[in-house]
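Geometric and topological summary
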Amino acid sequence: MMDYYHYPYPLHPQQHPYPGYQYYYPINRQYPQVDVNVFTKSIKAYRLLMDQGSILLDRLGSGDFDVKLMTAAQQGNQTEVDRLIKTIGLKVPVKTKYTPTGVTFELTTQPDPSSYMSCCTLTVQLKWGK
């Protein structure tokens, strides 16, 4: 009968490839104090986007607005889709993209005068077809 070593570990521990190598310990780094001003502004701006998104959803689900919007989108009439969205009276810019199966609304904050970019974007994706 033949005996074999059935353990998943070697009989003898393997030698480290660099015997003189020592493990180093992490260097203690000094980090600057965090500045939450931009983050706080972003949070406030995002709350506005959420409020505007809620207004958008309320309007989309009322009256025959949804029929008008879907009809214009089905015809590929981006100008009419944009006009309908503007009639809602949102305080933030909205980009509307649509396909036969859904629509995406991208609400962005107004750019900060000290920066060329807006801080936040709220994307609302809704399914409207199969």
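Scroll up a little and you will see the structure.
Note that residues are indexed from 1 along each chain, following the sequence as it is written. Only residues with pLDDT of at least 70 get local features here, since the model is predicted, and only at 80 or more are side-chain atom pairs given and counted; chain-wide, interface and lining totals rely on the full set of residues. In computing side-chain properties, one takes all heavy atoms of the structure into account and sets aside hydrogens as well as water.

Next up on the list: the state of the cysteines. Cysteine sulfur atoms that pair up within 2.5 Å are treated as a disulfide. Applying the stated rule across the entire model yields one disulfide. Covalently, Cys-119 is tied to Cys-120 through a disulfide, its sulfur atoms 2.4 Å apart. Where Cys-119 bonds to Cys-120 through sulfur, the torsion about that S-S bond is close to -90°, and the disulfide is left-handed. A simple rule labels every residue: compare its accessible area, found with a 1.4 Å probe on the protein chains alone, to the largest value its type can have, and call it buried under 20%, exposed over 50%, or partly exposed in between. Using a relative accessible area of 8% as the deciding quantity, one classes Cys-120 as buried.

Together, Val-34, Val-36, Phe-39 and Ile-43 give the surface a local cluster of nonpolar side chains, amounting to about 410 Å² of exposed area. Helical segments are the DSSP runs of H or I of at least four residues, strand segments are the runs of E of at least two, and each set is numbered from the N terminus. As for its position among the elements, Val-34 is in the segment before helix H1 (37-60). Among the residues examined, Val-34 registers a relative accessible area of 66% and is labelled exposed. Patch construction takes residues with relative accessible area above 30% that form no salt bridge. Like charges are linked within 9 Å, and nonpolar side chains (Val, Leu, Ile, Met, Phe, Trp, Tyr) are linked within 5 Å. Methods summary: accessible areas were calculated by the Shrake-Rupley approach with a probe of 1.4 Å, and residue burial reflects only the protein chains presented. By definition here, a salt bridge exists when the distance from a side-chain nitrogen of Lys or Arg to a carboxyl oxygen of Asp or Glu is within 4 Å.

Read from one edge of the open sheet, three strands run S1-S2-S3, paired in antiparallel fashion. Here the strands that pair on one side only, and so sit at the sheet edges, are strand S1 (94-98) and strand S3 (121-127). Going from strand to strand, the sheet's axes swing by 15° on average, the running direction of each strand aside. In what follows, residue pairs with any heavy atoms lying within 4.5 Å of each other are defined as contacts. A fitted line through C-alpha atoms represents every axis, and for helices the fit uses only the stretch in contact; the resulting angles, taken between N-to-C directions, go from 0 to 180 degrees. Across the sheet, H1 is in contact with strand S2 (102-108) and S3; its angle to S3 comes to roughly 25°. Note: two strands are recorded as paired if DSSP finds a minimum of 2 bridges between them.

These results come straight from atomic positions and should not be treated as a statement about function.
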